[in-house]
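Here is what each chain is made of, one letter per residue.
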Amino acid sequence: MVKRKRTNKCGEDGTPDEQHDLLPQKKHYRQRAHANPFSDHSLLYPPSPDHVDWLSHFPEYAGANKKPEFADIGCGFGGLLISLAPLYPHILMLGLEIRVQVSEYVSDRLAALRVEAATSQQADSRSAHYKNVSVVRANAMKFLPNYFSKHSLSALFFLFPDPHFKSRKHKARIISPTLLAEYAYILRPGGVVYTITDVKDLYDWMRSHLEACPLFEPIDEETLRKEGKGPILDAVCKDTEEGKKVTRNGGIKWLACFRRVAAQRA
């Protein structure tokens, strides 16, 4: 087992970590940047959403009969979820990450944040902020309906996904006609799909496939902000580790959002 040390160093963006005493260090969770979604990763997954033990993920909500409403697909190091958790303390959020070391890092990071919140001088206002978020190691391209029931989610996030540049690998992109049918199944009417990337070709790919799907309609940033989703958009654009890297490097971020529409009856 790798020994995790405490650190007083600055974060990746050059600013001091507020929870530096307990936060795990990424250098102890090294793993390849990408994983093949078609490989056998020896994953354990529930046979259906009814078999998911949500109590183990969100023990503070025992008896509330609550299930996740936000899902971050390929959550990476958890930057989005950790940013949103205190902003929406009554909404349960789940990150799905296929890489074992990365998912372990997010789990350890959440545990550290909860301890820091509970012992800080602001414990009365922060103690619950990170208890509404959890992570699972899962292959979202194969097993997403095993975790989420029909129309259970209000937000789906696809932030800086693997672009799979080579044409022969486009089938591994997280947005495709087949997968969009699954996303439409688990996303409730009115729910929003958030996508962002720094790769223009991937942006065009995701946008064109979502536009071609009759169960989604594009929604502009101004409309979303008028609906009170500005904090979500800000987190999507600024708070992921990959997004911060793009900002540091002076790159361009391409944002595209789509609303789940109700199916028209014949």
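Residues numbered from 1 in each chain as written. Predicted model: local features only at pLDDT ≥ 70, side-chain atom pairs only at ≥ 80, totals over all residues. Heavy atoms only, no water.

- As annotated in an unreviewed UniProt entry, the protein carries the name tRNA (guanine-N(7)-)-methyltransferase and is attributed to Amanita thiersii Skay4041.
- The Sequence similarities (unreviewed entry) field of the UniProt record for the protein holds the comment "Belongs to the class I-like SAM-binding methyltransferase superfamily. TrmB family."
- The Subunit (unreviewed entry) field of the UniProt record for the protein holds the comment "Forms a complex with TRM82." (UniProt positions renumbered as here; feature names shortened; annotations may be inferred.)

1. Regarding the UniProt feature "binding site: S-adenosyl-L-methionine" (unreviewed entry) in the protein
Point 1. Mapped onto the present numbering, the UniProt feature "binding site: S-adenosyl-L-methionine" (unreviewed entry) falls on G74, E97, I98, N139, A140, L159, T240, E241 and E242.
Point 2. Along the chain, the position of N139 falls in the loop between strand 3 (133-137) and helix 5 (140-143).
Point 3. A relative accessible area of 3% means that N139 is categorised as buried.
Point 4. Following the sequence through the fold, E241 ends up in helix 10 (residues 241-248). (Helix = DSSP H or I, 4+ residues; strand = E, 2+ residues; numbered from the N terminus. Buried < 20%, exposed > 50% of the residue type's maximum accessible area, 1.4 Å probe, protein only.)

2. Section: the environment of I174
Point 1. Within the secondary structure, I174 sits in the loop between strand 4 (153-159) and helix 6 (177-186).
Point 2. With 12 residues separating them in the primary sequence, I174 and D162 have C-alpha atoms 7.9 Å apart.
Point 3. The contact partners of I174, leaving out residues within four places of it in the chain, are I73, M141, F158, P161, L179 and Y183. (Contact = heavy atoms within 4.5 Å.)

3. Quick notes on the environment of L23
Point 1. As for its placement among the helices and strands, L23 is situated in the segment before helix 1 (54-57).
Point 2. By relative accessible area, L23 is classed as buried at 9%.
Point 3. C-alpha separation for the pair L23 and R109, spaced 86 residues apart in sequence, amounts to 5.7 Å.

4. Considerations on a positive patch on the surface
Point 1. There is a patch of like positive charges on the surface, built from K166, R168, K169 and K171.
Point 2. Among the secondary structure elements, K169 is positioned in the loop between strand 4 and helix 6.
Point 3. Looking at K169, the relative accessible area reads 36%, which means it is partly exposed. (Patch = residues over 30% accessible without salt bridge, like charges linked within 9 Å, V, L, I, M, F, W, Y side chains within 5 Å. Areas by Shrake-Rupley, 256 points an atom, 1.4 Å probe, with all protein chains shown as cover. Salt bridge = Lys/Arg side-chain N within 4 Å of Asp/Glu carboxyl O. Lys, Arg positive; Asp, Glu negative; His and termini not counted. Charge placed at Lys NZ, Arg CZ, Asp CG, Glu CD.)

5. Brief notes about the pattern of salt bridges
Point 1. For the structure on display, the rule yields 13 salt bridges.
Point 2. Ionic pairing is found between E97 and R99, a salt bridge with its closest N-O pair at 2.7 Å. Each member of the pair, E97 as well as R99, carries the same accessibility label: buried.
Point 3. With its nearest N and O atoms 2.9 Å apart, the salt bridge here joins D201 to R173. With D201 in helix 7 (residues 200-212) and R173 in the loop between strand 4 and helix 6, this pair connects stretches of sequence that are 28 residues apart.
Point 4. You can call R173 buried: its relative accessible area is 1%.
Point 5. The network of salt bridges with common partners includes K200, D204 and R207.

6. Focus: helix 7
Residues separated by three or four positions in an α-helix point in the same direction, a consequence of the helix having 3.6 residues per turn.
Point 1. Between its terminal C-alpha atoms helix 7 stretches 18 Å, which fits the 18 Å expected from 13 residues at 1.5 Å a residue.
Point 2. Within the span of helix 7, buried status applies to L202, Y203, M206, H209 and L210. Viewed along the axis of helix 7, the buried residues span an arc of 145 degrees, placing them on a single side of the element.
Point 3. Next to the buried residues of helix 7 lie helix 6, strand 5 (187-197), strand 6 (216-218) and strand 7 (254-260). (Expected span 1.5 Å × (residues − 1). Arc of directions from axis to C-beta.)

7. Section: the packing of aromatic side chains
Point 1. Per the stated rule, a full pass over the model turns up nine aromatic pairs.
Point 2. Consider the rings of W54 and F58, whose centres lie 6.2 Å apart with planes at 35 degrees: the pair is tilted. The burial state of W54 is the same as that of F58; both residues are buried.
Point 3. One aromatic cluster is present, formed by F70, Y88, F157 and Y194 through successive ring pairs.
Point 4. Its end group placed over the ring of W205, R173 keeps NZ or CZ at 4.8 Å from the ring centre.
Point 5. When the ring centre of W254 is taken as reference, the NZ or CZ atom of K200 above it lies at 5.2 Å. (Phe/Tyr/Trp six-rings, centres within 6.5 Å; stacked < 30°, edge-to-face > 60°. Lys NZ or Arg CZ within 6 Å of the ring centre and 35° of its normal.)

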